[in-house]
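Each chain is listed here by its residues.
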Amino acid sequence: MKKTSILIISVFIMAILTACGSSADNSQKQETIVKQPEATSMTVESDENVSETNDTAEDTKIVNNETDSVKIAVVYFSGTGNTKTIAEMIAEETGADIFEIIPTQAYTEEDLNYNDDNCRTNKEQNDDTARPEISNDLSATTEYDIVYLGHPIWWGTVPRIIQTYLETYDLSNATIYTFCTSGGSSIDRSLSDLRAWYPTLNIVDGKRLNDASKSEIAGFCYR
């Protein structure tokens with residue numbers, strides 16, 4: 001009888017211990033399950049940080065693009081208005097700022113009478129030291145990266161007032177494209193003269209653009 005009682009008590013104790021063990025295991029499993037959402041929350045925070053970093057990088061790119069943008073100017077002298085028309089077309093095509101070289105003493109029809117040896121332009125073009133005065137301030141043009149420099153052809157080359165401009169304002173940091181209008185002469189001599197007179201300037205190209213179409217202007221302009 002005693003043995004039976006002891007056996008029953010032993011079975012009862014083992015049942016209790018087994019139940020406690022199962023409860024402890026379940027408790028540990030529940031703790032593990034509860035902790036998993038915390039790891040997910042940390043992952044989300046990390047993604048947000050990456051997003052913020054990417055946004056900052058994009059902002060930086062925009063600022064750099066603005067900083068690195070090329071500044072373009074069209075600077076021209078026009079005796080009769082033909083060069084002015086071309087200058088305005090180039091400014092429209094490139095989105096450039098435009099500046100006119102305005103002589104203190106305007107040129108009249110008599111001044112431009114090529115058949116008169118004593119006319120003003122004849123005298124100026126035959127005088128290597130002539131530098132007609134400019135009335136307006138063009139100092140802002142020294143701040144541009146690319147300058148389109150326009151002029152008519154007088155006596156096969158540039159008017160002396162173009163020399164006044166280049167000797168008054170420092171364009172040594174600019175890339176210069178020249179363009180001209182003329183009654184028949186090409187731009188070749190004026191281009192070679194300018195390069196010879198001002199070897200420190202980066203004068204890369206030149207083109208005669210008499211009555212140029214929009215497509216011709218577009219083909220000449222910087223991209």
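Residues numbered from 1 in each chain as written. Predicted model: local features only at pLDDT ≥ 70, side-chain atom pairs only at ≥ 80, totals over all residues. Heavy atoms only, no water.

The name that an unreviewed UniProt entry assigns to the protein chain is Flavodoxin, with the source organism given as Lachnospira intestinalis.

1. A short note on the sheet that holds strand 2 (residues 97-100)
Read across the sheet, 5 strands follow the order 2-1-3-4-5 without closing on themselves; strand pairing throughout is parallel. Of all strands in the sheet, those bounded by a partner on one side alone are strand 2 and strand 5 (202-208). Taken pair by pair, the neighbouring strands of this sheet meet at an average axis angle of 20°, ignoring direction. With 7 bridges joining them, strand 3 (residues 146-152) and strand 4 (residues 175-181) adopt parallel strand pairing. Bridged to glycine 150 within strand 4 is phenylalanine 179. (Pairing = 2+ DSSP bridges. Helix = DSSP H or I, 4+ residues; strand = E, 2+ residues; numbered from the N terminus. Axes fitted to C-alpha atoms, helices over the stretch in contact; angles between N-to-C directions.)

2. Some points on the nonpolar core
Ranked by internal contacts, the top residues of the largest apolar core, which has 27 residues, are Val75, Ile101, Leu149, Ile162, Tyr165 and Leu166. Residue assignment for this core shows that the elements contributing at least two residues are strand 1 (72-76), strand 3, helix 4 (160-168) and helix 5 (188-197). Broken down by element, this core gets its largest block of residues, 4 residues, from helix 4. Residue contacts for valine 75: discarding those within four places in its chain leaves Phe99, Ile101, Thr141, Val147, Tyr148, Leu149, Gly150 and Tyr165. The next biggest cluster of nonpolar side chains, apart from the first, holds 17 residues, and it includes Ile86, Ile90, Ala91 and Ala96. (Core = buried A, V, L, I, M, F, W, Y, C linked by side-chain atoms within 4.5 Å. Buried < 20%, exposed > 50% of the residue type's maximum accessible area, 1.4 Å probe, protein only. Contact = heavy atoms within 4.5 Å.)

3. Some words on the packing of aromatic side chains
Any aromatic ring pair is given by two values, namely how distant the centres are and how the planes are angled relative to each other. One pass over the structure, following the stated rule, counts 9 aromatic pairs. Ring geometry for tyrosine 148 versus tyrosine 177: centroids 5.3 Å apart, planes at 25°, classification stacked. Of the two residues, tyrosine 148 is situated in strand 3 and tyrosine 177 in strand 4; the sequence distance between them amounts to 29 residues. Note on accessibility: tyrosine 148 and tyrosine 177 belong to one class, buried. Pairing tyrosine 165 with tyrosine 169 gives two aromatic rings, centres 5.6 Å apart and planes at 45°, and the pair type is tilted. As far as the burial class goes, tyrosine 165 and tyrosine 169 line up, both buried. Taken together, Phe77, Tyr107 and Trp154 form an aromatic cluster joined through their ring pairs. Over the face of the ring belonging to tyrosine 144 we find lysine 71, whose NZ or CZ atom lies 5.0 Å from the ring centre. (Phe/Tyr/Trp six-rings, centres within 6.5 Å; stacked < 30°, edge-to-face > 60°. Lys NZ or Arg CZ within 6 Å of the ring centre and 35° of its normal.)

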